[in-house]
Amino acid sequence: MVHIAVDIGASSGRLVAGEIKENKLQIKEIHRFANGFIEKEGRLYWDIDHLLMEIIKGLAVAKSIGYEACTVGIDTWGVDYVLVGKNGKRLQEVVSYRDKRTEKTIEKIIKHIPKKLMYEKTGLHFLPFNTIYQLFEEIPTLIRETDKILMVPDYLGYRLTGNMVMEETIASTMQLLNIEKRDFDDELLSIISVKKEQFPDFAEPGQELGWLKKDWFPAYDLPDCKLVTVASHDTASAVAGTPGIGEGWSYLSSGTWSLLGIETSQPVISELSQEENYTNEWGAFQTYRFLKNIMGMWIIQEVRKNLPKNYRYSQLVEEAKKVERFQQFINFNDDRFLNPTNMVTEIQAYCKETNQPIPETAGEFAGCVYDNLAIIYAIAIMDLEKITGKKIECLHIVGGGAQNELLNQLTADVSGKTVYAGPSEATAIGNLILQMIAVDEIEDLRAGRQLIQKSFDIKKYVPVAIDQKKVVTQFKQFIR
């Protein structure tokens, strides 16, 4: 049976077909398209209609290459939402989490509820773009006109099937769910003047959403598609697609963002986890993703965009190999790097302010980014061990960043952990695995991960001895 993963990130989306042949999962990208926010009247928006039509175009491609019937699962980035009126129509464009409207909103919210209590309720870290802060800044009349609030992948599913759900893994990114009750928290909803009835019912990964309404898209020849709710937060699908077996492994989903953590059966909520800003997002099959949100490949994407010459990412890696390691220490989790006007000049300004060597060449910029990401990853692993009391033996790096051999080796060296890199398509693969479990083609997630291990090339990076303590100490001294 053929399954199609619709995997949409902040910069691009694709449709990936997957099926089991000769006891291996075989995947094929059948359609790719660009994504990105657009500025309109001082706001940053996603073009949600563009995303919908690209899904339809991709499904038409699937039909043209012989896929008469398939299941489909959709995953996207988290936190952003769509307001739908009583007539079923979208009330406004979808605001991007990188918009600056919520820069000061955390301070407004914690006037109503102590930060500690909010963390104990939700288990979520405090990021300025979490859904709770975005909804707090919405126009009150617009909220009153809203019949249903849908997360982005749920809205796309609704536009394809006519059925509304609130998939659990994407819902958990809102910072509105009470982690103990596994439901919306009444106190948090009251602070932002939103009613529980304004959200659809929860759906777990693996539930059937409905059949594609082909007659809604008469201009396209489409296959018979049964939509399945997968882990619709892309990180949740990426973790499902991580080939970790047994105990002692952690994951790093490396894309625009870097999400580093462990999969647990219980949330981890303590003073230390709050202090270090770790989060408990919901995973597939009643698991939790205890993780740290780290600014990831967004940094190098923006550096590349701002450099005068158009470098390929592989060229930037080669240039970075030529420079001396650890010349600058930069906390890329600082909010100033979230969406600066120019990443190159922002990095230079940071180095000037902190009296560090100022990068000038492409290699120096790339080296600076990769060195510091490796250090931040290593510190996150140390913190994970300290907070959970669990020994981490190895790190699985999945996603696009898994292809960066320099960063993989640096991460192994600074953390002292063995790194396994791949598959780079973990999000789409996890999406596919969850569809296969839903239709009983695979027994469970463990069997799915075993299938991934034997289906894809996983590269191993063994730590090379360096003075890890010195590097980490220098980094902490600078960012302090």
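Basis of the calculations
Residues numbered from 1 in each chain as written. Predicted model: local features only at pLDDT ≥ 70, side-chain atom pairs only at ≥ 80, totals over all residues. Heavy atoms only, no water. Helix = DSSP H or I, 4+ residues; strand = E, 2+ residues; numbered from the N terminus. Rg over C-alpha atoms; globule rule 2.2 N^0.38 Å. Buried < 20%, exposed > 50% of the residue type's maximum accessible area, 1.4 Å probe, protein only. Contact = heavy atoms within 4.5 Å. Lys, Arg positive; Asp, Glu negative; His and termini not counted. Charge placed at Lys NZ, Arg CZ, Asp CG, Glu CD. Axes fitted to C-alpha atoms, helices over the stretch in contact; angles between N-to-C directions. Parallel < 35°, antiparallel > 145°, perpendicular 65-115°, else oblique. Left-handed = near helix turned anticlockwise from the far one by under 90°. Nonpolar A, V, L, I, M, F, W, Y, C, P; charged D, E, K, R; others polar. Polar contact = N/O pair within 3.5 Å; in protein donor to acceptor, adjacent residues only side chain to side chain. Expected span 1.5 Å × (residues − 1). Pairing = 2+ DSSP bridges. Salt bridge = Lys/Arg side-chain N within 4 Å of Asp/Glu carboxyl O.

### Section: the overall build of the protein chain
Move 1: Looking only at helices and strands, the protein chain has 18 helices and 22 strands in total.
Move 2: Its C-alpha atoms give the protein chain a radius of gyration of 22 Å, near enough to 23 Å, the size a compact globule of 480 residues would have.
Move 3: Here the C-alpha coordinates of the protein chain stretch approximately 60 × 60 × 45 Å along the principal axes.
Move 4: Per-residue burial for the protein chain yields a buried fraction of 60% across its 480 residues.
Move 5: Within the protein chain, residue pairs in contact and separated by at least 24 positions form 73% of the contacts whose partners lie at least 6 positions apart.
Move 6: Charge centroids of the protein chain, computed over 55 positive and 66 negative side chains, lie 2 Å from each other.

### Remarks on the packing of helix α14 (residues 362-388) against helix α15 (residues 405-415)
Move 1: Running from N to C, α14 and α15 point in directions that differ by 45 degrees, and their axes come no closer than 8 Å. One way to sum up the angle between α14 and α15 is to call them oblique. At the point where α14 passes α15, the crossing takes the right-handed sense. Along its contact with α14, which presents Y370, D371, L373, A374, I375, Y377, A378 and I381, the element α15 presents L406, L407, L410, T411, V414 and S415.
Move 2: Partitioned by chemical class, the residues of the contact of α14 with α15 number 11 nonpolar, two polar and one charged.

### Some remarks on the environment of Y119
Move 1: Its location among the elements puts Y119 in helix α3 (residues 115-122).
Move 2: Y119 sits in the buried class, given a relative accessible area of 1%.
Move 3: Each C-alpha atom, one on Y119 and one on S273, is 9.6 Å from the other, the two residues being 154 residues apart in sequence.
Move 4: Leaving out residues up to four positions away in the same chain, Y119 has contacts with L124, H125, F126, V268, I269, S270, S273, Q274, Y278 and N280.
Move 5: A distance of 2.9 Å separates a polar side-chain atom of Y119 from the backbone oxygen of Y278.

### Regarding the side chain of E168
Move 1: Looking at where E168 falls in the secondary structure, it is placed in helix α7 (residues 168-171).
Move 2: At 3.2 Å, the side chain of E168 and the side chain of R182 are in polar contact.
Move 3: With residues near it in sequence (within four places) discarded, E168 still touches R182, F202, A203, E204, W282 and Q286.

### Details of helix α1 (residues 48-64)
Helical geometry note: an α-helix holds 3.6 residues per turn, so side chains three or four residues apart project in the same direction.
Move 1: Across its 17 residues, α1 extends 25 Å between first and last C-alpha, which sits within 8% of the 24 Å expected from 1.5 Å per residue.
Move 2: Residues of α1 that are buried: I48, L51, L52, E54, I55, I56, G58, L59, A60, A62 and K63.
Move 3: In the stretch just after α1, G66 is the one whose phi turns positive, near 110 degrees.

### Things to note about the pairing of strand β7 (residues 81-85)
Move 1: Among the five residues in β7, five count as buried, and that is most of the element.
Move 2: Bridge analysis of β7 against strand β9 (residues 146-151) gives five bridges, and the strand direction is antiparallel. Bridge pairing links L83 to I149 in β9.

### A look at the pattern of salt bridges
Move 1: Scanning the entire structure with this criterion turns up 33 salt bridges.
Move 2: Across the pair E263 and R449 runs a salt bridge, and its minimum N-O distance is 2.9 Å. On the criterion of sequence distance, the pair formed by E263 in strand β17 (residues 257-264) and R449 in helix α17 (residues 445-455) is long-range, its members being 186 residues apart.
Move 3: Each of D7, R14, E29, R32 and E425 takes part in a single network of salt bridges with overlapping partners.

### A look at the sheet that holds strand β15 (residues 224-229)
Move 1: On the basis of which strands lie adjacent, the open sheet formed by six strands has the order β3-β2-β1-β6-β15-β14 and mixed pairing. Every interior strand has two partners, whereas the edge strands, β3 (24-34) and β14 (207-211), have only one. The sheet shows a mean angle of 25 degrees between the axes of neighbouring strands, direction not considered.
Move 2: On top of the sheet, α1 reaches β1 (3-8), β2 (12-21), β3, β6 (69-75) and β15; it is set at about 135 degrees to β3, its chief contact.
Move 3: Packing of helix α16 (residues 426-438) onto the sheet brings it into contact with β1, β2, β3, β6 and β15, and relative to β1 it is tilted by some 140 degrees.

The quantities given are spatial measurements derived from coordinates; they are silent on function.
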